[in-house]
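Descriptive structure summary
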Amino acid sequence: MKALLIVDVQNDFCPGGALEVPNGDTIVPVINKLSKQFDVVIQTQDWHPQGHSSFASSHEEKQPFETTKMPYGEQVLWPDHCVQGSNGANFHPDLDTDRSQLIIRKGFRKDIDSYSAFFENDDATTTGLTGYLRERNIDTLYTVGLATDFCVKWSVIDGLKEGFNLYVVEDAVKGIDIEGSVGQAWSEMTEAGAQKITSQELLT
Ligand code: VGL
Ligand code: ZN
């Protein structure tokens with residue numbers, strides 16, 4: 001059984017948002033078309049407390065997009081974004097969320113960031129998604145959303161590690177692209193075993 005996984009289509013990742021992904025909003029109509037064709041739709045929502053450790057503002061003398069060492073490894077520091085309960089954390093107003101059966105919130109622990117829908121950035125703390133999918137006999141995920149080079153990439157790589165089949169819908173994802181990170185993400189995802197597909201192929 002298959003499911004559509006919609007990653008982080010939130011105001012802060014869309015143009016005008018705190019951590020905007022260029023043209024991030026242009027995938028919304030494509031995702032809305034796709035989601036009508038799936039019996040199971042799952043979403044993720046980046047959901048940080050104020051003062052989260054992934055925010056540059058929580059570190060003295062750090063600017064957004066610089067990196068720091070966390071106990072679990074290197075971490076990119078971001079502008080404050082997707083703060084719990086803020087408008088920036090809301091889904092894009094045009095995204096059809098009515099048919100979503102599960103919304104996984106992630107990044108709510110102050111000291112650990114969480115890009116992936118499966119594991120937090122310490123690579124150990126789980127979100128529970130694997131168990132949910134197994135109990136529902138879902139073995140194949142079609143991934144769409146934001147951002148290709150962070151939350152989409154890590155969700156796909158972790159999903160493959162957990163034994164699921166992963167497709168990435170190339171015209172329904174957009175990336176931040178820090179120094180070629182989008183191209184890098186595509187190589188990492190395909191080398192890990194993900195398959196690229198277009199919305200056109202899925203809609204016909
Ligand atoms: C994301 C950076 C920080 C994402 C979330 O959704 O790709 N990127 N938090
Ligand atoms: Zn975040």
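As the structure is a prediction and not an experimental result, all values here were calculated from the model. (Residues numbered from 1 in each chain as written. Chains lettered and ligands numbered in written order. Predicted model: local features only at pLDDT ≥ 70, side-chain atom pairs only at ≥ 80, totals over all residues.)

1. Structural notes on the overall build of the protein chain
For the protein chain, the helix and strand inventory stands at five helices and eight strands. When the helices and strands of the protein chain are read in sequence order from the N terminus, they spell out β-α-β-β-β-β-α-β-α-β-α-β-α. For 204 residues, the compact-globule estimate of 2.2 N^0.38 gives 17 Å, and the protein chain sits close to it at 16 Å. Structurally, the protein chain occupies a C-alpha span of about 50 × 35 × 30 Å along its principal axes. With 204 residues in all, the protein chain has 43% of them scored as buried. Partitioning the intrachain contacts of the protein chain with sequence separation of at least 6 by distance along the chain shows that 71% fall at a separation of at least 24. (Helix = DSSP H or I, 4+ residues; strand = E, 2+ residues; numbered from the N terminus. Rg over C-alpha atoms; globule rule 2.2 N^0.38 Å. Buried ≥ 20, exposed ≤ 12 C-beta atoms within 10 Å, placed from the backbone. Contact = placed C-beta atoms within 7 Å.)

2. A few points about the packing of helix H3 (residues 148–161) against helix H4 (residues 181–191)
Interhelical geometry of H3 versus H4 gives an angle of 5 degrees and a closest axis separation of 9 Å. The angle between H3 and H4 falls in the class roughly parallel. On H4, the residues that touch Thr148, Asp149, Lys153, Val156 and Ile157 of H3 are Ser181, Val182, Ala185, Glu188 and Met189. For the contact of H3 with H4, the class distribution of residues is five nonpolar, two polar and three charged. (Axes fitted to C-alpha atoms, helices over the stretch in contact; angles between N-to-C directions. Parallel < 35°, antiparallel > 145°, perpendicular 65-115°, else oblique. Nonpolar A, V, L, I, M, F, W, Y, C, P; charged D, E, K, R; others polar.)

3. Concerning the site of ligand 1
The local shell around ligand 1 consists of Asp8, Phe13, Asp46, Trp78, Tyr115, Leu146, Ala147, Phe150 and Cys151. Taken together, the residues of the shell around ligand 1 sort by class into seven nonpolar, no polar and two charged. (Near = placed C-beta within 6 Å.)

4. As for the sheet that holds strand S2 (residues 41–46)
Strand pairing in a sheet is mediated by backbone hydrogen bonds. Such pairs are either parallel or antiparallel. Taken together, six strands build an open sheet; the order of strands is S5-S2-S1-S6-S7-S8 and the sheet is parallel. Of all the strands in the sheet, the pair left with one neighbour each is strand S5 (100–106) and strand S8 (195–197). If you compare each strand with its neighbour and ignore which way they point, the axes differ by 25 degrees on average. Of the pairings in the sheet, the one linking strand S7 (residues 165–174) to S8 comprises three bridges and is parallel in character. Bridging from a neighbouring strand, Val168 pairs with Lys196 of S8. Those strands touched by helix H1 (residues 28–35) are strand S1 (2–7), S2, strand S6 (140–146) and S7, and its axis lies near 140 degrees from that of S7. Here H3 sits on the sheet in contact with S1, S2, S6 and S7, set at roughly 170 degrees to S7. (Pairing = 2+ DSSP bridges.)

5. Structural notes on the UniProt feature "domain: Isochorismatase-like" (unreviewed entry) in the protein chain
UniProt marks residues 3–201 with the feature "domain: Isochorismatase-like" (unreviewed entry), using the numbering shown here. Its end C-alpha atoms 16 Å apart, residues 3–201 is made of 22% helix and 23% strand. (UniProt positions renumbered as here; feature names shortened; annotations may be inferred.)

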